[in-house]
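Geometric and topological summary
Letter by letter, the chains look like this.
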Amino acid sequence: MKADVITIRVEQEISDLVEKLLRYKLARNKADAVRIIMRDGIPNAKKVVERKEKGKEVVKKWLKHGLPELPKDLSTISIKERE
């Protein structure tokens, strides 16, 4: 694939989004992050980052407080929900 190099200035919001895509390993490098934003759009890229941030918060909470207590009859509940 032939590619051209283009240098541009972006708003701080886009720069922060690029950094978050890199931090959460959703992009390999800055160029890849910008391609993701261009392909999917800013709102969709933000949604992906927000889902990743929420997931990290849940894991952090579980590590601090332990896993949530599950009901003893979880198997029965799951079967009833699928019927």
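For the structure, check the block above.
Attention here is on the structure that accompanies the text. Fair warning: this is a prediction, and the values are worked out from it, not measured in the lab.

The rules we used
- Residues numbered from 1 in each chain as written.
- Predicted model: local features only at pLDDT ≥ 70, side-chain atom pairs only at ≥ 80, totals over all residues.
- Heavy atoms only, no water.
- Helix = DSSP H or I, 4+ residues; strand = E, 2+ residues; numbered from the N terminus.
- Rg over C-alpha atoms; globule rule 2.2 N^0.38 Å.
- Buried < 20%, exposed > 50% of the residue type's maximum accessible area, 1.4 Å probe, protein only.
- Areas by Shrake-Rupley, 256 points an atom, 1.4 Å probe, with all protein chains shown as cover.
- Lys, Arg positive; Asp, Glu negative; His and termini not counted.
- Charge placed at Lys NZ, Arg CZ, Asp CG, Glu CD.
- Arc of directions from axis to C-beta.
- Axes fitted to C-alpha atoms, helices over the stretch in contact; angles between N-to-C directions.
- Parallel < 35°, antiparallel > 145°, perpendicular 65-115°, else oblique.
- Left-handed = near helix turned anticlockwise from the far one by under 90°.
- Contact = heavy atoms within 4.5 Å.
- Nonpolar A, V, L, I, M, F, W, Y, C, P; charged D, E, K, R; others polar.

**Brief notes about the overall build of the chain**
Looking only at helices and strands, the chain features four helices and zero strands. Each helix and strand of the chain, placed in order from N terminus to C terminus, yields the pattern α-α-α-α. Relative to the globule expectation of 12 Å for 83 residues, the C-alpha radius of gyration of the chain, 19 Å, shows a markedly less compact shape. Here the chain holds 83 residues, and the buried ones make up 14% of them. Per element, the accessible surface of the chain, about 7,700 Å² overall, is 55% carbon and sulfur. Of the side-chain charges in the chain, 21 are positive and 14 negative, and the distance between the mean point of each set is 4 Å.

**Examining helix 2 (residues 30-40)**
Turning to helix 2, its buried residues number three or more, namely D32, A33, I36 and I37. Mapping the buried residues of helix 2 onto a view down its axis gives an arc of 140 degrees, with all of them on the same face. Turned more than 90 degrees from where helix 2 packs its buried face, K30, M38 and R39 sit exposed. Directly after helix 2, the chain includes G41, whose backbone phi takes a positive value near 90 degrees.

**Examining the packing of helix 1 (residues 12-23) against helix 3 (residues 42-65)**
Running from N to C, helix 1 and helix 3 cross one another at 45 degrees; their axes reach a closest spacing of 10 Å. Accordingly, the angle class assigned to the pair helix 1 and helix 3 is oblique. As helix 1 runs across helix 3, the sense of the crossing is left-handed. Across the interface between the two elements, E13, I14, L17, K20 and L21 from helix 1 touch I42, A45, K46, V49 and E53 from helix 3. Residue composition of the contact of helix 1 with helix 3, by class: six nonpolar, no polar and four charged.

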